[in-house]
Amino acid sequence: MKAKQLSVFLENKSGRLTEVTEALGSAGINLSAMSIADNSDFGILRCIVSDPDKAYKVLKDAHFAVKITDVIGFVCPNTSGSLSIVLKHLSDNGVFIEYMYSFANGNVAHVVIRPTDLEACERILAEKKVDLMADSDLYQL
């Protein structure tokens, strides 16, 4: 199932990530998952939050460049090879993954992906009986 993810453009300077987390925390918005990709000049913070629409407004009001992107969340066993099985289902069907981040918690791993074709990805994962996460579950991790 699709969920909303925030992508926030951050200059590579001390304190910018702190400013994002302070703005979200002051608004009562919890970060469930996040990833930062960077180069020498800037970074992109991708995050799942408890209330993406409110977070978007809070960050826009704080003058951050932010957008909302649809992603897909799923759960797989936290065992060797489990993720590769899921990703093979997608690659065998021509679904390209733009980016992914994940974290393990006990016996399961929670995975967030941004495929080029959201509908095909969702359909294939459902057909293969991959445990898709509802957006509300992802926002409350």
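Look a little higher up for the structure.
Points about the nonpolar core
Link 1 in the chain: The biggest cluster of nonpolar side chains holds 16 residues, and the ones touching the most others in it are Ile72, Phe74, Leu90, Ile113, Cys121 and Leu125.
Link 2 in the chain: When contributions to this core are tallied by element, the ones reaching two or more residues are strand S4 (65–77), helix H3 (82–92), strand S6 (108–115) and helix H4 (118–127).
Link 3 in the chain: The element best represented in this core is H4, accounting for five residues.
Link 4 in the chain: Not counting the four nearest positions on each side in its chain, leucine 90 is found in contact with Val95, Ile97, Ile113, Cys121, Ile124 and Leu125.
Link 5 in the chain: The next biggest cluster of nonpolar side chains, apart from the first, holds 15 residues, and it includes Val8, Ala23, Cys47 and Ala55.

Side note on the pattern of salt bridges
Link 1 in the chain: Applying the stated criterion across every chain yields a total of eight salt bridges.
Link 2 in the chain: Aspartate 53 serves as the salt-bridge partner of lysine 4, at 3.0 Å between the closest nitrogen and oxygen. Here the residue lysine 4 occupies a position in strand S1 (residues 2–11), and aspartate 53 occupies one in helix H2 (residues 52–61), the gap between them amounting to 49 residues.
Link 3 in the chain: Its relative accessible area of 29% is what places lysine 4 among the partly exposed residues.
Link 4 in the chain: Residues glutamate 98 and arginine 114 are paired through a salt bridge, measuring 4.0 Å at the closest nitrogen-oxygen approach. Of this pair, glutamate 98 sits in strand S5 (residues 97–105) while arginine 114 is found in strand S6, placing the two residues 16 residues apart along the sequence.
Link 5 in the chain: Through salt bridges with shared partners, a single ionic network connects Glu11, Arg16 and Glu19.

What counts as what
- Residues numbered from 1 in each chain as written.
- Predicted model: local features only at pLDDT ≥ 70, side-chain atom pairs only at ≥ 80, totals over all residues.
- Heavy atoms only, no water.
- Core = buried A, V, L, I, M, F, W, Y, C linked by side-chain atoms within 4.5 Å.
- Buried < 20%, exposed > 50% of the residue type's maximum accessible area, 1.4 Å probe, protein only.
- Helix = DSSP H or I, 4+ residues; strand = E, 2+ residues; numbered from the N terminus.
- Contact = heavy atoms within 4.5 Å.
- Salt bridge = Lys/Arg side-chain N within 4 Å of Asp/Glu carboxyl O.

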